[in-house]
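Secondary and tertiary structure notes
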Amino acid sequence: MLAEIRLPSASPRVLLPAAALVAMLVLIFAMEPRAMSYFGLTLLLNFALPAVFAAMAQMAVIAAGDIDLGLGPFISLVNCLAATWLTTRPVAGIVALALLVAAYAAIGALIHLRRLPSIVVTLGASFVWLGLALLVLPTPGGGAPAWLTTLLAVRPPGVPLPVLISILVGLIGWLLLMRTSYGTVLRGIGGNPRAVARAGWSLLGGRVALYTAAGILGVLAGLALTGLNTAGDATVGTEYTLVSIAAVIVGGGEFVGGIVSPAGAVIGAWIMLLTGSLLSFLDISTDWQLSVQGGILILVLGLRALEERPAA
Amino acid sequence: MRRTIRPQGWIVVAALAAALLLPGARAEAGAASTASDGIALSNSYAGNGWRQQMLKMWDLAAKHGIAIGAIAKTKVVNSDNSAPQQATQISDLTLQGWKAIVIDAASPTALNGVIQQACSAHIVVVVFDSLATAPCAYKVAYNYVQMGEIEADYVAKHLGDKGNVLEVRGIAGTSVDNDIHQGIVQAFAKYPGIKLVGSVHGNWTQSIAQKEVAGILPTLPKVDAVVTQGGDGYGTFQAFKTAGRPTPLIIMGNRQDELALWKQLAGGPGGYPTISLSSAPGVSSIAFWVAQQVLAGVNVPKTVHVPLLIIRANDLDAWLKAVPPGGVSTPLYGQKWTEDLIAANLGHSALPESPIPTGVP
């Protein structure tokens, strides 16, 4: 019965962004040989950590056929909590973060039970997150817990930390979502919910599982950002909403049909991050960065459409 | 059943990871003079007149610095008011081996991690205008509390310690607004005859100031003076005019429309005594030369206080001539002036006054 669920053919979807990423890295290394060192890569890719976690969180929501417009402010809220409560009152901080994950699960349940459009619910939630963040930390400040900054300053032998964690996160996501039978069920919620329900799986349980995963990954993104910034700011995460959506799409995901790729999302996050660095190394004005990021998005979608036509 | 071919993506990533391990070339060693050094500017936002003028002043200072052989090169990167984006840009500048990075920050705290990283790579970091709190960075800072005090003292003396004052504030929650407000309140405490009758947030924007002042005016008694924060004087005047109220003493900022208004009012019967106080966008040129001085090995304090731009009636014509319509007044500060400034900061003596412009910069 599960075989009825159409599995996405993933190879060109992931190979295209992977090739683009390789091309970008080659260009960056050619322009700035110093980037091709352990220290250089750490600098270049440090901010990949929050971006990769954010992309994976967004991917979990998109896998359910939904979209999360509140992810950026959610990351800001985690940043504010981590820079205040988690430092001064660790127990309260951990409880608060656990409650945030529970809130994400509840949002998933609400969307399913009331058949609400996720775009509206998560947009509404984004204002709640922003409001809470401003309540926790009205003006930028606070300080990251020492263990968090230490953790992010770890220099593992051989592979720089952001590279190592990106690969691990993508690998775990791939194993859970693509290699387990429940992962197939979860992707089926966005792809063919009727088949999933007929096979006896709970759609509510599946959506709650995906939103819980999104909540956990969102918390990890906020913690990573806090460790890098070493302080809190209630508006710091705003851009991650759109960056995470773009990363999932560039990495081979689609807004409908539960078609997502964990490896692709990681690669997509790297591409969105490295665009700015590449332009900088090519000495192109940063004013072009947003346009180029948007252009990449349109180009990827266009190429994919071309590729899919004969196959269909 | 599972037709996923995802592992191919991972082979690519693994290959990349392997490529990363290749040792990179190391940069050349620096010289004693700063002639071969580069100073980069990381700016958080370029979307308003003040920041545009600030970038122009940086450009002029850096070009002059290159012309006289003080530095070799410069580069400007702007972010879209996004702290993570600016942090990434600062990482890139660190990687590119710039000797000094000057920063107008998107957040007082969110850049501290990358700033610390740059400092650890022996890069000189100077922050100005919108500061970051990282301890290793040199801070080029205005004393905004003093700005409020000077305004309040001027108003109190001019009114003879008797009258009603309206306060037009900046963007709520910013440290600049808090500091100016604090200065005004504590200075007025010395003058029991002065009464603060109202306060609105004009957000340093003429249109918003006009709307907010127009909104509060019907509830106010006669207003004798208005203390402002700059960028709001012209809008405040328009609100009084529209309401048919007599024009009070309005403290001006350094926008061209404010100075032109002052000139126009001063031409009327009885004149129009006031002063203009502001932070000048040319502070970017001070930050540039401070970075150059640190690179040159000069002893520079971690916080360099800069004097406010104060325009008095005598100098109004010179300033008005130097600013284009719609522009923001600013001096361009030079190397010698900055050296004097640093010396004054070290000796805790009076800061040098801002130079009066001699032509259009």
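Cut-offs used in this document
- Residues numbered from 1 in each chain as written.
- Chains lettered and ligands numbered in written order.
- Predicted model: local features only at pLDDT ≥ 70, side-chain atom pairs only at ≥ 80, totals over all residues.
- Heavy atoms only, no water.
- Helix = DSSP H or I, 4+ residues; strand = E, 2+ residues; numbered from the N terminus.
- Buried < 20%, exposed > 50% of the residue type's maximum accessible area, 1.4 Å probe, protein only.
- Contact = heavy atoms within 4.5 Å.
- Core = buried A, V, L, I, M, F, W, Y, C linked by side-chain atoms within 4.5 Å.
- Salt bridge = Lys/Arg side-chain N within 4 Å of Asp/Glu carboxyl O.
- Pairing = 2+ DSSP bridges.
- Right-handed = clockwise from strand over helix to strand, strands pointing away.
- Phe/Tyr/Trp six-rings, centres within 6.5 Å; stacked < 30°, edge-to-face > 60°.

A few points about unusual backbone geometry
- In the Ramachandran plot, Asp283(A) falls in the positive-phi region, its phi being about 65° despite a non-glycine side chain.
- Mapped onto the secondary structure, Asp283(A) falls in the loop between α14 (262-281) and α15 (289-311).
- Note on Asp283(A): relative accessible area 61%, which makes it exposed.
- At Asp161(B), a position not held by glycine, the phi torsion is positive, near 55°.
- Turning to its location among the elements, Asp161(B) is positioned in the loop between α5 (144-159) and β6 (163-169).

Things to note about the environment of Gln86(B)
Residues and elements named next belong to chain B.
- In this structure, Gln86 sits in helix α3 (residues 83-95).
- Using a relative accessible area of 0% as the deciding quantity, one classes Gln86 as buried.
- Put simply, Gln86 and Asn43 are 43 residues apart on the chain and 7.7 Å apart in space, counted from C-alpha to C-alpha.
- For Gln86, the residues in contact, after removing those within four places along its chain, are Ser42, Asn43, Ser44, Ser79, Ile103, Asp104, Ala105, Ala106 and Leu111.

Some details on the nonpolar core
- Membership of the largest hydrophobic core comes to 114 residues, with the highest contact counts inside it found for Leu44(A), Leu45(A), Ile103(B), Ile115(B) and Val125(B).
- Look past the residues within four positions of Leu45(A) in its chain and what remains in contact with it is Pro162(A), Val163(A), Trp270(A), Leu273(A) and Leu274(A).
- Ranked by size, the runner-up nonpolar core spans 84 residues in total, among them Ile216(B), Ala225(B), Leu249(B) and Leu277(B).

Regarding the pattern of salt bridges
- Summed over all chains, the structure comprises 13 salt bridges over all chains.
- We note a salt bridge from Asp66(A) to Arg207(A), for which the minimum N-O separation is 3.0 Å. With Asp66(A) in the loop between α3 (48-63) and α4 (71-83) and Arg207(A) in helix α12 (residues 203-229), this residue pair connects regions lying 141 residues apart in the sequence.
- Residue classification places Asp66(A) among the buried positions, given a relative accessible area of 9%.
- Assessed through its relative accessible area of 11%, Arg207(A) is described here as buried.
- The residue Asp37(B) makes a salt bridge to Lys99(B) at a minimum N-O spacing of 3.4 Å. Taken together, the residues Asp37(B) in the loop between α1 (7-20) and β1 (38-43) and Lys99(B) in the loop between α3 and β3 (100-104) connect sequence positions 62 residues apart.

Thoughts on the pairing of strand β7 (residues 194-201) of chain B
All names here are of chain B.
- Where β6 and β7 come together, seven bridges link them in parallel fashion. Note that in β7 the partner of Glu167 across the bridge is Ser199.
- Taking the sense of rotation as the criterion, the β-α-β connection linking β6, helix α6 (residues 175-188) and β7 turns out right-handed.

Regarding the packing of aromatic side chains
All names here are of chain A.
- In the structure shown here, the tally under the stated rule is eight aromatic pairs over all chains.
- Their ring planes at 50° and their centres at 5.5 Å tell us that Tyr182 and Trp201 sit as a pair that is tilted. On the criterion of sequence distance, the pair formed by Tyr182 in helix α10 (residues 181-191) and Trp201 in the loop between α11 (193-198) and α12 is long-range, its members being 19 residues apart.
- On the basis of relative accessibility, which here comes to 32%, the residue Tyr182 falls in the partly exposed class.

What to know about helix α2 (residues 38-45) of chain A
- Among the eight residues in α2(A), six count as buried, and that is most of the element.
- Of the positions making up α2(A), those classed as buried are Gly40(A), Leu41(A), Thr42(A), Leu43(A), Leu44(A) and Leu45(A).

Topic: the pairing of β6(B)
Residue and element names in this part refer to chain B.
- In terms of residue burial, β6 counts as a mostly covered element, since seven of its seven residues are buried.
- Residues of β6 alternate between two faces, with Gly163, Val165, Glu167 and Arg169 on one and Asn164, Leu166 and Val168 on the opposite face, all of them buried.
- Relative to strand β8 (residues 225-227), β6 is paired through three bridges, and the arrangement is parallel. Of the residues in β8, the one forming a bridge with Val165 is Ala225.

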